[in-house]
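# Coordinates in review
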Amino acid sequence: MMSSLYGVYGASGCGRGILPLARKELQQRGISLDRLVFVDDRPEIRLVNGHQVLSYTEFLQKDATERHVVLAIADSAVREKLAARCAFDGVKPWTVRAENSVLMDDVILGEGAVLSPFVVLTSNIRIGRYFHANLFSYIEHDCVIGDFVTFAPGVKCNGNVLIEEHVYIGAGAVIKQGRPGKPLRIGRNSVIGMGAVVVRDVPPGTTVVGNPAKALLRG
Ligand code: UDP
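Calculation notes
Numbers given for residues are sequential positions, taken from 1 along each chain in its written order. The predicted origin of the model limits local features to residues at a pLDDT of at least 70 and limits the giving and counting of side-chain atom pairs to 80 or more, whereas totals for whole chains, interfaces and linings rest on all residues. Water and hydrogen atoms were dropped before computing side-chain values, which therefore reflect all heavy atoms in the structure. Secondary structure counts use DSSP, requiring at least four H or I residues in a row for a helix and at least two E residues in a row for a strand, with both numbered from the N terminus. How far a helix is expected to stretch is found by multiplying one less than its residue total by 1.5 Å. Here's how the labels work: a residue is buried when its accessible area is under 20% of the maximum for its type, exposed when over 50%, partly exposed in between, all with a 1.4 Å probe on protein chains only. As used here, the arc is the angular range of directions from the helix axis to the C-beta atoms. For the purposes of these results, a polar contact is taken to be a pair of N or O atoms within 3.5 Å, where, inside protein, one atom must be able to donate a hydrogen and its partner to accept one; residues adjacent in sequence count only when each atom of the pair is a side-chain atom. By convention in this text, a residue qualifies as near a molecule or strand provided that one of its non-hydrogen atoms is within 4 Å of it. Under the convention used here, a 1.4 Å probe and the Shrake-Rupley method define accessible areas, while residue burial counts only the protein chains that appear. Grid points spaced at 1 Å over the protein atoms alone were grouped into cavities, where a 1.4 Å probe fits but cannot get out, and pockets, open sets with protein on both sides within 12 Å along at least five of seven lines, with lining residues defined by an atom within 4 Å of a point. Grid points define the cavity or pocket, and a molecule sits in it when more than half of its atoms lie within 2 Å of them. Under this grouping Gly is polar, as are all residues other than the nonpolar Ala, Val, Leu, Ile, Met, Phe, Trp, Tyr, Cys and Pro and the charged Asp, Glu, Lys and Arg. A pair of Phe, Tyr and Trp rings is counted when the ring centres sit within 6.5 Å of each other, with Trp represented by its six-membered ring. The angle between the planes then sorts it: under 30 degrees is stacked, over 60 is edge-to-face, the rest tilted. Basic side-chain nitrogens of Lys or Arg form a salt bridge, by our definition, when they fall within 4 Å of a carboxyl oxygen of Asp or Glu. Grid points are joined across faces, edges and corners, and a volume is the space filled by probe spheres set on the points.

### Topic: helix H3 (residues 76–88)
- The end-to-end C-alpha distance of H3, which contains 13 residues, comes to 18 Å, matching closely the 18 Å that a straight helix rising 1.5 Å per residue would cover.
- Among all positions of H3, only Ser76, Arg79, Leu82, Ala83 and Cys86 are buried. The arc enclosing the buried residues of H3, seen along the axis, measures out at 115°, which places them on a common side.
- The N-capping residue of H3, defined by a side-chain oxygen 2.9 Å from the backbone nitrogen of alanine 77, is aspartate 75.
- Directly after H3, the chain includes glycine 90, whose backbone phi takes a positive value near 75°.

If you want it as structure tokens, here you go:
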């Protein structure tokens, strides 16, 4: 009997972190784990952590009623490219959440998100498409997060913060709380270095590091 096929797109570090979450979700829904595969455009080996690695073409060719993928690649520009490719081919975005991730109240999570273990999203939060929140990250109240934003592990995003699309936030960074009606704003395509303490707005396309976080001047 034909059934849906589920893919973790990206068979590298990020993908191997997301695969167990995807596996757990399918097990809970009573879906056979042989319907869960990796998809990778440069498949180096054919089996990773017990699951087959297919090229995208092979994934499309396999018998299935529907195809779902979670984009398990940290680079947000790649996620955007692959999201468009999947949409074109009718492959559906798959949101994968760790069982112990917590969504408190009035959290709107866009399609294709990944929430790793111990992620907490509190109240009145808006999040765009293909968000990645890695281990132990949190988002406090009244934050607005754009499309294709990526949190490395342990990001502390306090209340009233606006993060625009394609921002990357490194491990352990802390974002200071903004004010109601005047959020702290991190502009699109910015990169926040690991451990940075962001206390004021970050203009678009800027890399900031340190405490207090300052723009990294290229030498
Ligand atoms: N990849 C892909 N299609 C792309 C770009 C990347 O399938 O257009 C795959 C790539 O072959 C690799 C994975 O995605 O297996 C990215 O792995 P990497 O270690 O660079 O990043 P991470 O797993 O940390 O996101």
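Now, onward.
### Re the site of the ligand
- Neighbouring residues of the ligand: 13 residues in total, closest Ser12, Asp40, Asp41, Ala74 and Lys81.
- Alanine 74 has a polar backbone atom sitting 2.7 Å from an oxygen atom of the ligand.
- For the ligand, the protein covers 71% of the area, taking 550 Å² as the surface of the free molecule.
- One can see that the ligand is located within the largest pocket.
- Mapped onto the shell around the ligand, the elements with two or more residues apiece are helix H1 (13–28) and H3.
- Here the residues of the shell around the ligand are counted per class, giving six nonpolar, three polar and four charged.

### Overview of the packing of aromatic side chains
- Summed over the entire model, instances satisfying the criterion amount to five aromatic pairs.
- With a centroid separation of 4.6 Å and 5° between ring planes, the pair formed by phenylalanine 118 and phenylalanine 136 is classed as stacked. Linking phenylalanine 118 in the loop between strand E9 (114–115) and strand E10 (120–127) with phenylalanine 136 in the loop between strand E11 (132–133) and strand E12 (138–139), this pair joins segments that are 18 residues apart in sequence.
- You can call phenylalanine 136 exposed: its relative accessible area is 52%.

### Notes on the pattern of salt bridges
- According to the stated counting rule, one finds nine salt bridges in the structure shown.
- Across the salt bridge formed by aspartate 41 and arginine 85, the nearest N and O atoms sit 3.1 Å from each other. With aspartate 41 in the loop between strand E2 (36–39) and strand E3 (47–48) and arginine 85 in helix H3, this residue pair connects regions lying 44 residues apart in the sequence.
- The partner of glutamate 111 in a salt bridge is arginine 129, with the nearest N and O atoms 3.4 Å apart. Placement of glutamate 111 in the loop between strand E8 (102–109) and E9 and of arginine 129 in the loop between E10 and E11 is noted, with a sequence separation of 18 residues between them.
- For glutamate 111, a relative accessible area of 38% corresponds to the partly exposed category.
- Residue classification places arginine 129 among the partly exposed positions, given a relative accessible area of 33%.

### What about the layout of surface pockets?
- The computed volume of the largest pocket comes to approximately 400 Å³.
- Forming the boundary of the largest pocket are 22 residues, of which Gly10, Ala11, Ser12, Asp40 and Arg42 lie nearest the centre.
- Listed by contribution, the elements that provide at least two residues to the lining of the largest pocket are H1 and H3.
- Here the lining of the largest pocket takes four residues from H1, the largest share from any one element.
- Here the residues of the lining of the largest pocket are counted per class, giving twelve nonpolar, four polar and six charged.
- Counted as a void, the second largest pocket has a volume near 220 Å³.
- Along the walls of the second largest pocket sit 18 residues, with Cys14, Ile18, Ser116, His132 and Asn134 positioned nearest its centre.
- Contributing elements (two or more residues each) for the lining of the second largest pocket: H1, E11 and strand E14 (150–151).

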